Each structure stands twice: as structure tokens, then as C-alpha cells.
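Listed below, chain by chain, are the residues.
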Amino acid sequence: MDDATRLLQATLTEAKQGTPMHSGPVFAAPFHAMGDAAGVDYTYARAHNPTWTELERALSGLEGSGQTGISTLVFPSGMAAAAAVFGSVLRPGDVAVLPSNAYYVARQLMQKYFTEMGVELRMAPTKNNAQGELLQGAKLLWLETPSNPTMEVCDIAALCEQAHRAGALVAVDNSTQTALSQKPLLMGADFSVASDAKSMSGHSDILYGHVAVKDKTLAEKLQQWRRLSGSVLGPMEAWLALRSLATLPLRLERSSANAMKIAEFLETRKDVTDVLYPGLKSHPDHALAARQQRYFGAVLSFTLRDAETANNFLASANLITEATSFGSVVTTGERRARWGGDAIAPGFVRLSAGCEAVDDLIADIAQALDAVRIGKA
Ligand SMILES: *Cc1c(COP(=O)(O)O)cnc(C)c1O
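Just so we're clear, the structure is a prediction, and the values are computed from it rather than from any experiment. (Residues numbered from 1 in each chain as written. Predicted model: local features only at pLDDT ≥ 70, side-chain atom pairs only at ≥ 80, totals over all residues. Heavy atoms only, no water.)

Caption draft 1: Broad picture of the site of the ligand. Taken together, Ser 77, Gly 78, Met 79, Tyr 103, Glu 144, Asn 148, Asp 173, Ser 175, Ser 195, Lys 198 and Phe 326 make up the full set of residues near the ligand. For the ligand, an oxygen atom lies 2.7 Å from a polar atom in the backbone of Gly 78. For the ligand, whose free accessible area comes to 380 Å², the fraction covered by protein is 91%. The residue makeup of the shell around the ligand, split by class, is three nonpolar, five polar and three charged. (Near = heavy atom within 4 Å. Polar contact = N/O pair within 3.5 Å; in protein donor to acceptor, adjacent residues only side chain to side chain. Areas by Shrake-Rupley, 256 points an atom, 1.4 Å probe, with all protein chains shown as cover. Nonpolar A, V, L, I, M, F, W, Y, C, P; charged D, E, K, R; others polar.)

Caption draft 2: Quick peek at the environment of Asn 258. When you line up the elements, Asn 258 lands in helix α8 (residues 248-267). Accessibility expressed as a relative area gives 3% for Asn 258, which makes it buried. Each C-alpha atom of the pair Asn 258 and Gly 209 lies 25 Å from the other, and the pair is 49 residues apart in sequence. Ignoring sequence-local partners within four residues, the contact set of Asn 258 consists of Ala 353, Gly 354, Cys 355, Glu 356, Val 358 and Leu 361. (Helix = DSSP H or I, 4+ residues; strand = E, 2+ residues; numbered from the N terminus. Buried < 20%, exposed > 50% of the residue type's maximum accessible area, 1.4 Å probe, protein only. Contact = heavy atoms within 4.5 Å.)

Caption draft 3: The packing of helix α2 (residues 50-63) against helix α7 (residues 235-245), seen in detail. Where α2 meets α7, the axes come as close as 9 Å, and the angle between the chain directions of the two elements is 30°. Here α2 is positioned roughly parallel relative to α7, judged by the angle of their axes. Helix-helix and strand crossings are classified by hand; for α2 and α7 the assignment is left-handed. In this structure, α2 uses Thr 51, Trp 52, Glu 54, Leu 55, Ala 58 and Leu 59 to contact α7, whose residues at the interface are Pro 235, Ala 238, Trp 239, Ala 241, Leu 242 and Leu 245. When its residues are assigned to classes, the contact of α2 with α7 shows 10 nonpolar, one polar and one charged. (Axes fitted to C-alpha atoms, helices over the stretch in contact; angles between N-to-C directions. Parallel < 35°, antiparallel > 145°, perpendicular 65-115°, else oblique. Left-handed = near helix turned anticlockwise from the far one by under 90°.)

Caption draft 4: Looking closely at the domain arrangement of the protein chain. What the domain assignment reports for the protein chain is domain 1 (3-245) and domain 2 (251-373). Spacing between the C-alpha centres of domain 1 and domain 2 amounts to 27 Å. Carbon and sulfur atoms supply 53% of the area buried between domain 1 and domain 2, which totals about 2400 Å² over both sides. Looking at the side of domain 1 facing domain 2, the largest losses of area belong to Pro 149, Met 151 and Val 153, adding up to 26% of the total buried there. Where domain 1 touches domain 2, the interface holds one salt bridge. Note that Asp 155 and Arg 291 form a salt bridge whose closest N and O atoms lie 3.2 Å from each other. Between domain 1 and domain 2 we count 14 residue pairs in polar contact (both at pLDDT 80 or more) in total. By residue class, the composition of the side of domain 1 that touches domain 2 is 10 nonpolar, 15 polar and four charged. (Domains from an automatic or database assignment. Buried area = accessible area lost by both parts, 1.4 Å probe. Salt bridge = Lys/Arg side-chain N within 4 Å of Asp/Glu carboxyl O.)

Caption draft 5: Structural view of the sheet that holds strand β11 (residues 332-335). One open sheet holds the five strands; their spatial order is β8-β9-β12-β11-β10, and the pairing between them is mixed. Every other strand in the sheet has two partners, leaving β8 (273-276) and β10 (321-322) as the edge strands with one partner each. When β10 meets β11, the two strands line up parallel, connected through two bridges. What sits directly across from Thr 321, in β11, is Thr 332. Relative to strand β9 (residues 299-303), α8 is tilted by about 15°, and along the sheet it contacts β8, β9 and β12 (348-352). In the packing of helix α10 (residues 307-316) onto the sheet, contacts are made with β9, β10, β11 and β12, and the angle to β11 comes to roughly 155°. (Pairing = 2+ DSSP bridges.)

Encoded structure:
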């Protein structure tokens, strides 16, 4: 069965006469729990909630393409999910290997807290599997592919093999791809981690994240971290997340196809340089991305002459909503260097293709590029 079909099936309730096809959010703090409550499924909502259970079941099916034995835990943000992996795995003296171009906040969390508490941090770029050189004595290898915002790709399966030989666990930040497109656990990773505020939920209205694992001991460690740290998702968000999941296949297919056509169009423009998109034949890791991803994704980036040109371009484009983040149903973009923290040019634009009709998007991008060029002449 295709993942898309399985995902839709996973959002349905059991067929019982006269009951809703999809369940609603369960709002509860304590649950009824009489007598010896040790075997009761739900007692107190910091530890478990039926709406999480449904969302987690659907995510486990997606992460493993239906393979059994996968446990998924949801968290209130992608960073809460990342913190759960760092916190449940790393102890003083341990070595963590991160991409030097990893999501900025993940790097900061490591540098501001975990290294202060005695974890040794090693960093190398995503491209050319450079992190593989730093694995000796490592406890955790953290990968992010394609990297964000520069779209570098590494070989998950090869790095997992290398890391496991060195005795390290592997976690993949899969936020840009989603588990529909890329399956870290099936390529050998120990943790599949994501910010699901992006393509996974897709409507720019909720923050959530998840961690999926195959190993029962790792699942228990993450459960304990969530219960002790209180890093819990609200039932309303969990329900919205489940509802959004049903359209993930449609949204991802459409936005990836749109991103491809936009990238191809941008490559024809003389006023645009460095169009970075794994779907392009010109991308250095196109073949690897084609092998390990089902979709090339919604996100692409390109560079305009300078900061002013990029700002004017975004202001002139009517169909690009200026916002950070990516993976929305509508096309969003930003001049990425406004935040600092990434090694990129001042005119670097990150674009996340939405689900609009692609001809409208390309016409709008063309008129915005022309407007900026004419304004400058
Ligand atoms: C957004 C993002 C995160 C952080 O997720 P939040 O949900 O914002 O906490 C982590 N990694 C990547 C690659 C992201 O894009």
C-alpha cells in the first residue's frame, strides 16, 4: 500500500454505526482512574492523551511505511523534539557531531546548554558527508538533509553505517522533507526528528514536532524525558495536526512540482544566480537526492544582486508572502540573511513553493524580477 493511502486510512476511526468518521480532540488533564490504576491507558495528560495516540499512530505508519515496531512521540515544537533527543542521549563527556550548517537554533541549544554541561561538540558541513570524518568516539551523529537554507545533501544510509561502526547513534532532522518523502528509520537512523510546523502540518497555524524510533529502550527514554520535562502538545494542536496530515500527500506533491518549475524558470534568468534545488540537474547531489527522497521538496533558494534587490523583489511579488519558515500551502519567501547566523549572501532568498497554480507563480516572479531590474536601471 502506498504511504498516501495508509496515511488517509490512519485518520479514520473504527467503523461503528453512527459515530464520527474522524475523532475530535480529547480535552482532559486527569482522567477517571479508580483503584489500582497501573494498567489504565490514560491517567494524567502530561504522560498520555488519546489525541496524541492517534497522531502518533499515523506518524509511525508514515515513518516506517507500515513496518511495525516503530514508536513515535509528539512534542509541542520541533525544538522540543530535538531537545528530547539531546537530553535523553547526551551526558557529560559524550561527543555530539552536528552539521555546521544545521538549523541555527539546534546549534545554539547545543552550544549554550549541552557543551556548557560537558558535551563535546564537533561540526562539519552537510555536503560530501563531511560529518563522517568526525565520528571517532562519538555518541550522537545529528544529520539534516537537505540542509536549510543552502540545500546541501548527505547520504543518510552511508553515514548511518559509518556511525554505527563507530558506536554512535544517528538522528536525522527531517523537517524539510517530512517522513512521506524521506525515511530516516528505514535508511538505518535511530531517530527520525522533525519540526512539523512546516510541510507536515502545512497551514502555518500550529507548532509541533515529533521523534520516531525503532528501539524500545530509546522510546522509553524519550517517554521519560517528555513526562519529566513536561514538554507536551495540547490536544487541540494534536487534532489539527492529525487533520492536516490527511492532505500531506496532495500538498507535498503539488508544492514540490511547483518548486521544480520555479527553479527551472529561475535558472533561465540572468539576474538570478546560485539557484539551489536538489531537483535540478545542476545540483551537485541531484542523483543522491533522487535516490533517497520521494520528492525534491517545496524549498529552494537563489541569490539576487544585493540585499536591496532581494527586499525589493519580495515587496514587488504579489504571490510571495514574506514570512520566515516554509512548507505552507501558500508560497512564502524571505531574504534569509536578515536573521544572521547562516553563511549566505545578502541577496540570498529562500522560497517555499505553495500549492497555487504554477503559471500564476512564475508570472508573478517574472514581473517582480523585471520590476526590480527596471527600477534599478
Ligand atoms: C523549524 C525547524 C526546526 C525547529 O522547529 P520548531 O518547530 O520551530 O521548534 C528544526 N529543524 C529544522 C530543519 C527546522 O526547519
